[in-house]
Protein chains: 2
Amino acid sequence: MKLRTLVISLLSIGALVTSFNASATNEPIQPIQAVTPKNPDLVELGKMLFFDPRLSKSGWISCNSCHNLSMGGTDNIPSSIGHAWQQGPINAPTVLNSSMNLAQFWDGRAKDLKEQAGGPIANPGEMASTHELAVSVLNSIPQYRAKFEKVFGSDKVDIDRVTTAIAAFEETLVTPGSRFDKWLEGDKNALNKQELEGYKLFKSSGCTGCHNGPAVGGALYQKFGVHHPYKTDSKIEGRKSVTGKDTDLNVFKVPTLRNIELTYPYFHDGAVWTLEEAVTIMGKLQLDRDFNKKEVDSIVAFMKTLTGKQPDIKLPILPPSNNDTPRPQPF
Amino acid sequence: MKLRTLVISLLSIGALVTSFNASATNEPIQPIQAVTPKNPDLVELGKMLFFDPRLSKSGWISCNSCHNLSMGGTDNIPSSIGHAWQQGPINAPTVLNSSMNLAQFWDGRAKDLKEQAGGPIANPGEMASTHELAVSVLNSIPQYRAKFEKVFGSDKVDIDRVTTAIAAFEETLVTPGSRFDKWLEGDKNALNKQELEGYKLFKSSGCTGCHNGPAVGGALYQKFGVHHPYKTDSKIEGRKSVTGKDTDLNVFKVPTLRNIELTYPYFHDGAVWTLEEAVTIMGKLQLDRDFNKKEVDSIVAFMKTLTGKQPDIKLPILPPSNNDTPRPQPF
Ligand code: HEC
Ligand code: HEC
Ligand code: HEC
Ligand code: HEC
Ligand SMILES: [Ca+2]
Ligand SMILES: [Ca+2]
C-alpha cells in the first residue's frame, strides 16, 4: 500500500518535471549558497577538533581520517577502517553539504550535526574513545582551554561544546560554484549537450523525485529497492533500526549527489565503484527502467557537473599535549 | 678506544662553548633560514603526493598519517601504526627540517629525502603498497598526469618522479622564526632568564657537542649510551644494521631538537614522554652528569624556545580516482 502510494507519487513528480524548463527557479535542484560563518572563532576551533586525532583512543584517527577533506569529505573505501583496523559496517558518507540533510547517518538516527558528532568519538569501532577521555585530553591543554574560553566565555571543555564547535565547522563545508549551479544561475554554456541531456533524463525519468533540493538529496527517506530488491551481503536494515517498523526495512536517507564523482564507492554498502553501475541500478531498482548505455553516460556526465568548489582548508596547527595529557593507547 | 676519543672530543667541545658568547655568529646553533621553493609546481605536486593515501595499499594511509603536519610532522605515538594496524618497530621522526639531516632514518640508511621517500610506500609494515601499484594508481588519473607533464615535461609517472616531488615538498618544511632564532638574530628579549640559563647549561654541559647546527642535531651519528647503557625493550641496533660493525651498535643519527616540544614521545623507541625525563637521561647517559631539577627545568625551558613557525599548508584537493584506477585493498 505504502509502496504503491510512493510509486505513484514518484511517477507524478516525474511527470511534472518532464516538461523541461530553462528557468532555474522552476528546477527541482537549487544552487548551493556560499556560507559566511557567523562565528569564525567557533568554526576555527571546530576545525581543530575535526583534525585532532587525540579525540580517538589511539591518538591516530581524526574525523578527517574517514571524512578526508582532500578527497570529497569521505574515505573512498567500501566500509571504514576504525580503531585497530576494525572493518566498519557501512560506507562513510561525505561531510560536504551534510548540514543540508534532514538528519544524519544513512538511517537518520542523529537529528543534526551536533548530535552526530558525539557518535564516532565514543564508537568502539571508530575512534574508540569515550567522551570523558576526549574531554580530559582537551582540558589538559591550556591552548585549547583558551580557545574554548574565547568562544564560549569560560574555559570549561565539555562534550556539548566540543560537538557544537565541530558542527559549526561542518556547516561551513558547502560546495557552491559547480558547473551545474552556474547553469542554474543562468550561464547556459556551463553544461554541454550531453550533460544537459543527462539532466533532462534525470528529471524526466524520476530521479529528482528523490534526489532534489540544493543537495540533490538529503531531504527525505526512501526505500532502496522500490521495484526490485538490492542484492547485498550487508546486514544493515536502514530506518527499521531506528523506528523498529518492518516497513522501514531498507529505507535510507536519500544521499546527496553533490560531489558524487568524488564520493565513490557508492551505496550504503560501498559495493559499487562506478557511477555507470550506480545509475543502472538506480534506474532498475527505483524506477523499473532499463537505461541504455547512451542514457547512462549522459546521466553520469550530468552528475559530474555537480562537483563544486571544495572548501579551502588551511591545515590547523594543533597545540601539543603536555605532561598532564592522558596518553594515547594505540595498541 | 673510539669511545674514549669521542668522550674527549665532546669534553673539549664542551669546554669551547663554556665561555658564553652573546654574539650569535659564534653560537653552536644557527637560525633556520626560510626556504623559497625554486619550483612551486613541483612542490605543490609533492604536497599532493604527501597527502594522498592512495599511495598505500589500503587507500587510507598517507605520509601525513604518520608525519602529521598539524602535529609537528610526527604521529606522537611511541611506534607507528602501519597497514592493518601493525605496530612499527621505531618512533617516527619529524619531517620538519629533515632536509638538514646528514642522512635519513634513525640509522641513516637513506642518503637523502628522495631515497627515503620510496621506502614507506613499499614497506609492508607501513603503507604496504608497491612502487608499481602506487605508480599505476597515479598514472590512471589524468589530472595527476597533467601535473607531472607540467613539472617534468612529459606525463609519465614513475617512482623516480614521485620521490623527487615528495622530497621537493619536504624541503620546504622548515620552521624558522622560533624564539631562540629571534634571540640568535639579536633580539635579546626573546628569551627569559630561565631559558637563557638553560641554553648556557645546554652548551656548557656538552649537549651542543652533539646537538648543534641549524637543526640542533641531524649532523652526526653518535652512540646512545656513551657512559651508561640505555634500557629498552627495543631490538633496534642503530647504525650497526647499516654498516655491520659491532662498534656501531646503538649508534644513531643525533635527532634534531627543533620543535622538540611537539615531537613527543622521545628516543628511537618512543618510550619517554616528558622532556624532563629525556634531558635527565641524556645528561646521565651521554655526559655522566646528574642534573638537578632546576637545571633540568631550565634546559627544558630553553628547548621549548626551539619551536618555530609551522609550515602554512593549504590542504590539497586530490583528483578523484576513476573507473581505470586500481582499487584500494583495505581489508
Ligand atoms: C572510522 C571512520 C570514521 C570516523 C573516524 C568518523 N566517521 Fe563520520 N561516518 C563514518 C561512517 C561509516 C558513517 C556512516 C554511519 C552510518 O550512517 O551508520 C559516518 C557518518 C557521518 C556523518 C553523517 C553524514 C550523513 O550524510 O549522514 C557525519 C556528519 C559525520 N560522520 C561526521 C564525523 C565527525 C564530525 C567525526 C569526528 C568526530 C567523524 N565523522 C568520524 C565514518 C567515520
Ligand atoms: C525512490 C527514491 C529514489 C529514486 C527515484 C532514485 N534514487 Fe538514487 N538513491 C535513493 C536512495 C534511498 C539511495 C541510497 C541507497 C543506499 O542505501 O545505498 C540512492 C542512492 C543513489 C546513488 C548513490 C549515492 C551514494 O553516495 O552512494 C546514486 C548515484 C543515485 N542514487 C542516483 C540516482 C539516479 C541517477 C536516479 C534516477 C535514475 C535515482 N538515483 C533515483 C533513492 C532514490
Ligand atoms: C606507518 C607510518 C609511516 C608512514 C606512512 C610514513 N612514515 Fe616516514 N617514518 C616513519 C618511521 C617509523 C620512520 C623512522 C624509521 C627508521 O628510522 O627506521 C620514518 C622516517 C621518515 C623520514 C626520516 C626522518 C629522519 O629524521 O630520519 C622521513 C623524511 C620520512 N619518514 C618521510 C616519509 C614520507 C615522505 C612518507 C610517505 C611517502 C612517509 N614518511 C610515510 C613512519 C611512517
Ligand atoms: C654524545 C652525543 C650526545 C650528547 C652529548 C647529547 N645527546 Fe641528546 N641525543 C643523542 C642521540 C644519539 C640521541 C638519539 C637517541 C635515540 O636513539 O633515541 C639523542 C636524543 C636526544 C633527545 C630526544 C630527541 C627525540 O626526538 O627523541 C633529547 C631531548 C636530547 N637528546 C637532548 C639532549 C640534551 C639536553 C643533552 C645534554 C644534556 C644531550 N641531548 C646530549 C646524542 C647526544
Ligand atoms: Ca560513498
Ligand atoms: Ca618522537
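The name an unreviewed UniProt entry gives chain A is Cytochrome c peroxidase, with Nitrosomonas aestuarii as the organism. In UniProt, chain A has this text filed under Subcellular location (unreviewed entry): "Periplasm".

The helix and strand tally for chain A stands at twelve helices and two strands. The order of helices and strands in chain A, counted from the N terminus, is α-α-α-α-α-α-α-α-α-β-α-β-α-α. At 21 Å, chain A has a C-alpha radius of gyration in line with the 20 Å of a compact globule built from 331 residues. Overall size of chain A, expressed as C-alpha extent along the three principal axes, is 65 × 45 × 30 Å. A total of 331 residues make up chain A; the buried ones form 55% of that total. For chain A, the share of sequence-separated contacts (at least 6 apart) that also reach a separation of at least 24 residues comes to 71%.

This part is about the site of ligand 1. All names here are of chain A. For ligand 1, the set of nearby residues contains 28 residues, the closest of which are Cys63, Cys66, His67, Phe105 and Lys253. Between ligand 1 and histidine 67 there is a distance of 2.8 Å, counted from a nitrogen atom to a side-chain nitrogen or oxygen. In the model, an oxygen atom of ligand 1 is placed 2.9 Å from a nitrogen or oxygen of the tryptophan 106 main chain. When residues of the shell around ligand 1 are traced back to their parent elements, those giving at least two are helix 3 (63-66), helix 4 (113-122) and helix 7 (159-171). In terms of residues, the shell around ligand 1 owes the most to one element, helix 4, which gives five residues.

Residue and element names in this part refer to chain B. Its place among the elements puts lysine 223 in strand 1 (residues 221-223). The class of lysine 223 is partly exposed, set by a relative accessible area of 27%. Separated by 181 residues in sequence, lysine 223 and leucine 42 place their C-alpha atoms 37 Å apart.

Turning our eyes to something else, we now look at the site of ligand 3. All names here are of chain B. Taken together, the neighbourhood of ligand 3 is formed by 28 residues, with Cys63, Cys66, His67, Phe105 and Lys253 sitting nearest. For ligand 3, an oxygen atom lies 2.6 Å from a polar atom in the backbone of phenylalanine 105. A distance of 2.4 Å is found between an oxygen atom of ligand 3 and a side-chain nitrogen or oxygen belonging to lysine 253. Mapped onto the shell around ligand 3, the elements with two or more residues apiece are helix 3 (63-66), helix 4 (113-122) and helix 7 (159-171). With five residues, the top contributor of residues to the shell around ligand 3 is helix 4.

Before going further, it helps to examine the UniProt feature "binding site: heme c 2" (unreviewed entry) in chain A. All names here are of chain A. As recorded in UniProt, the feature "binding site: heme c 2" (unreviewed entry) lies at Cys207, Cys210, His211 and Met282. Considering the C-alpha atoms alone, the annotated residues occupy 76 residues of sequence yet fold into one spot, their largest mutual distance being 11.3 Å. In this fold, cysteine 207 is placed in the loop between helix 9 (193-204) and strand 1 (221-223). On the basis of relative accessibility, which here comes to 14%, the residue cysteine 207 falls in the buried class. With respect to the element layout, cysteine 210 can be found in the loop between helix 9 and strand 1.

Here the focus is the pattern of salt bridges. In this structure the tally under the stated criterion is 36 salt bridges over all chains. For Asp246(A), the salt bridge is made with Lys240(A), and the minimal N-O distance between the two is 3.2 Å. Residue Lys240(A) is classed as partly exposed on the basis of its relative accessible area of 21%. The residue Arg109(B) makes a salt bridge to Asp107(B) at a minimum N-O spacing of 3.0 Å. On the basis of relative accessible area, Arg109(B) is assigned to the partly exposed category, the value being 48%. The buried category is assigned to Asp107(B), whose relative accessible area is 10%. Connected via shared salt-bridge partners are Lys309(A), Asp312(A) and Lys314(B).

With that settled, consider the interface of chain A and chain B. On the side of chain B, 48 residues touch chain A, which itself brings 48 residues to the contact. Of the roughly 4,000 Å² buried where chain A meets chain B, counting both sides, 68% is carbon and sulfur surface. Counting the surface chain A buries against chain B, the share from its top three residues, Trp60(A), Trp85(A) and Phe331(A), is 22%. Here Lys314(A) makes a salt bridge to Asp312(B), at a shortest N to O gap of 3.0 Å.

Moving on, we get to helix 4 of chain B. Where helix 4 of chain B is concerned, the buried positions are Leu113(B), Gln116(B), Ala117(B), Gly118(B), Pro120(B) and Ile121(B). Buried residues in helix 4 of chain B make contact with helix 5 (131-139) and helix 7 of chain B.

All names here are of chain A. Per the domain assignment, the segments making up chain A are domain 1 (2-33 + 177-304) and domain 2 (40-171). Of note, the centres of domain 1 and domain 2, computed from C-alpha atoms alone, are 28 Å apart. Taken residue by residue, the interface counts 28 residues in domain 1 and 22 residues in domain 2. Interface of domain 1 and domain 2: buried area, both sides summed, is about 2,000 Å²; carbon and sulfur atoms make up 62% of it. Taken as a group, Tyr221, Lys253 and His268 account for 24% of the area that domain 1 buries against domain 2, more than any other trio of residues on that side. Counting across the domain 1 and domain 2 interface gives zero salt bridges. At the boundary of domain 1 and domain 2, one finds nine residue pairs in polar contact (both at pLDDT 80 or more).

This next bit is on the coordination of the calcium ion (ligand 6). Within the protein, the atoms that donate to the calcium ion (ligand 6) are Asn91(B) (OD1), Thr263(B) (O) and Pro265(B) (O), at distances of 2.4 to 2.5 Å. The exposure class assigned to Asn91(B) is buried, which follows from its relative accessible area of 4%.

Turning our eyes to something else, we now look at the UniProt feature "binding site: heme c 1" (unreviewed entry) in chain A. All names here are of chain A. When the UniProt feature table is mapped onto this chain, "binding site: heme c 1" (unreviewed entry) is found at Cys63, Cys66, His67 and His83. Tracing the backbone shows cysteine 63 in helix 3. Under the relative-accessibility criterion, cysteine 63 is labelled buried at 13%. The contact partners of cysteine 63, leaving out residues within four places of it in the chain, are Leu49, Phe50 and Met127. With respect to the helices and strands, histidine 67 occurs in the loop between helix 3 and helix 4. What histidine 67 contacts, discounting residues up to four positions off in sequence, is Phe50, Gly73, Thr74, Ala92, Pro93 and Val95.

As for its placement among the helices and strands, Asp107(B) is situated in the loop between helix 3 and helix 4. Setting aside residues no more than four positions away along its own chain, Asp107(B) makes contact with Tyr221(B), Gly238(B), Arg239(B), Ser241(B) and Val242(B).

Another point: the nonpolar core. Burial of nonpolar side chains together is a common tendency in soluble globular proteins. Leu49(A), Leu69(A), Tyr144(A), Leu49(B), Leu69(B) and Tyr144(B) are the most contacted members of the largest nonpolar core, which totals 80 residues. If we skip the residues at most four places from it in the chain, Tyr144(B) touches Leu45(B), Met48(B), Leu49(B), Asp52(B), Arg54(B), Leu138(B), Leu318(B) and Pro319(B).

What counts, and where the lines are drawn
Residues numbered from 1 in each chain as written. Chains lettered and ligands numbered in written order. Predicted model: local features only at pLDDT ≥ 70, side-chain atom pairs only at ≥ 80, totals over all residues. Heavy atoms only, no water. UniProt positions renumbered as here; feature names shortened; annotations may be inferred. Helix = DSSP H or I, 4+ residues; strand = E, 2+ residues; numbered from the N terminus. Rg over C-alpha atoms; globule rule 2.2 N^0.38 Å. Buried < 20%, exposed > 50% of the residue type's maximum accessible area, 1.4 Å probe, protein only. Contact = heavy atoms within 4.5 Å. Near = heavy atom within 4 Å. Polar contact = N/O pair within 3.5 Å; in protein donor to acceptor, adjacent residues only side chain to side chain. Salt bridge = Lys/Arg side-chain N within 4 Å of Asp/Glu carboxyl O. Buried area = accessible area lost by both parts, 1.4 Å probe. Domains from an automatic or database assignment. Donors = N, O, S within 2.8 Å, 3.2 Å for Na, K, Ca; no water. Core = buried A, V, L, I, M, F, W, Y, C linked by side-chain atoms within 4.5 Å.

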